[in-house]
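Residue-level listing of the chains:
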Amino acid sequence: MVEAHGRVGLYKCLPTVEQEAADDEIEEQLDDATSDEEKAAKLAERAEQRKTWCEYAHSNNVKPHEIMPESVRSVMQPLTEDTKDDVKDDVKDDVKDDTKDSNSWEEVEAPELPSAPTCPGCESALLPQALMFDESYSSHDFYEYEKFRDWFDKADAFVFVGTSFAVTVTDMAINEAKKRFIPVYNFNLEAGRINPSATLNAENVIGKSEETLEELWHCLRDKLVGEEGAKAVVKSEPT
Ligand SMILES: [Zn+2]
């Protein structure tokens, strides 16, 4: 799994304006690279350049117990841990009680911080570990851009589940599907998100994911391993 848009409870800092400008330059050259060798050389150059940055700006995550200063950490650390448990409990309650409005999350009052949270590595401002609107997926190792770009290049099909197709990563997948005319399956509660065309081999699968995805799992299992093999892998069936 790749968490291409970040994770609640982790933080990062940003490179300086100069570092980011130099990084953008390599990024452009990477886009223009025509061979695997050229691409690998540019990636190595970028990795070397990023070694001069604060590690939390490109490869590491700030965890709640590392937030600086201590006065801010003492407010944020318990909040992050408590919130995670609350979210889990809310989800469990929603599953148990179908009559409950799933949007009726209790409002939590934002705590007051004595000062802005700062990075333990470079003392600059700390941001949530999330892809911001002006950032690229390759801006931080956490988003694992190279990995999912590689998956896109090798995919035999794309399966979308519950997306509004409003973010760049879905556009990238659709463009790759069009380029190689590979099938796209859109699992969603409503139709109209994407439509098949002369250039897009798309099919909409409408319904609740707990039903449609289970059917998909059975189809894939039978296709990949055959009837005999299916019995052997049945114990790894998702719950
Ligand atoms: Zn930093």
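Residues numbered from 1 in each chain as written. Predicted model: local features only at pLDDT ≥ 70, side-chain atom pairs only at ≥ 80, totals over all residues.

Requested: an account of the nonpolar core, with residues and values cited.
Of all hydrophobic cores here, the largest spans ten residues; its members are Y11, C13, L14, C54, Y56, A57, V62, I67, C119 and L126. Those residues in contact with Y11 that sit more than four places away from it in its chain are N61, V62, I67, L126, L127, P128 and Q129. (Core = buried A, V, L, I, M, F, W, Y, C linked by C-beta atoms within 7 Å. Buried ≥ 20, exposed ≤ 12 C-beta atoms within 10 Å, placed from the backbone. Contact = placed C-beta atoms within 7 Å.)

Report on the sheet that holds strand β4 (residues 184-188), specifying residues and quantitative values.
Strands in a sheet are paired, the pairing made by backbone hydrogen bonds, and the direction either parallel or antiparallel. Strands sit in the order β3-β4-β5 across an open sheet of three strands; the sheet is parallel. Only two strands of the sheet have a single partner each, and these edge strands are β3 (158-161) and β5 (202-206). Taking the axes of each pair of neighbouring strands and ignoring which way they run, one obtains an average angle of 15 degrees across the sheet. Bridge count between β4 and β5: five bridges; the pairing is parallel. (Pairing = 2+ DSSP bridges. Helix = DSSP H or I, 4+ residues; strand = E, 2+ residues; numbered from the N terminus. Axes fitted to C-alpha atoms, helices over the stretch in contact; angles between N-to-C directions.)

Before we move on, can you summarise the packing of helix α1 (residues 17-32) against helix α2 (residues 36-50) with the specific residues and values?
At their nearest, the axes of α1 and α2 sit 9 Å apart, and the two run at 170 degrees to each other. When the axis of α1 is compared with that of α2, the two are roughly antiparallel. Across the interface between the two elements, A22, D23, I26, Q29 and L30 of α1 pack against K39, K42, E45, R46 and Q49 of α2. Residues of the contact of α1 with α2, tallied by class, amount to three nonpolar, two polar and five charged. (Parallel < 35°, antiparallel > 145°, perpendicular 65-115°, else oblique. Nonpolar A, V, L, I, M, F, W, Y, C, P; charged D, E, K, R; others polar.)

So what's going on with the environment of E20? Residues and values would help.
Tracing the backbone through its elements, the reader meets E20 in helix α1. Residue classification places E20 among the partly exposed residues on the basis of 16 C-beta atoms within 10 Å. Sequence-wise, E20 and R50 are 30 residues apart; in three dimensions their C-alpha atoms are separated by 9.5 Å.

Explain unusual backbone geometry residue by residue, including any values.
Both trends apply: most residues other than glycine have a negative phi, and most peptide bonds are in trans. Along the chain, M68 connects to P69 via a cis peptide bond; the corresponding omega equals -15 degrees. In this fold, P69 is placed in the loop between α2 and α3 (70-96). One non-glycine residue, E123, lies in the positive phi region at around 65 degrees. Note that E123 resides in the loop between α3 and β2 (127-130). For E123, a count of 12 C-beta atoms within 10 Å gives the class exposed.

Taken by themselves, the reported measurements are silent on function.
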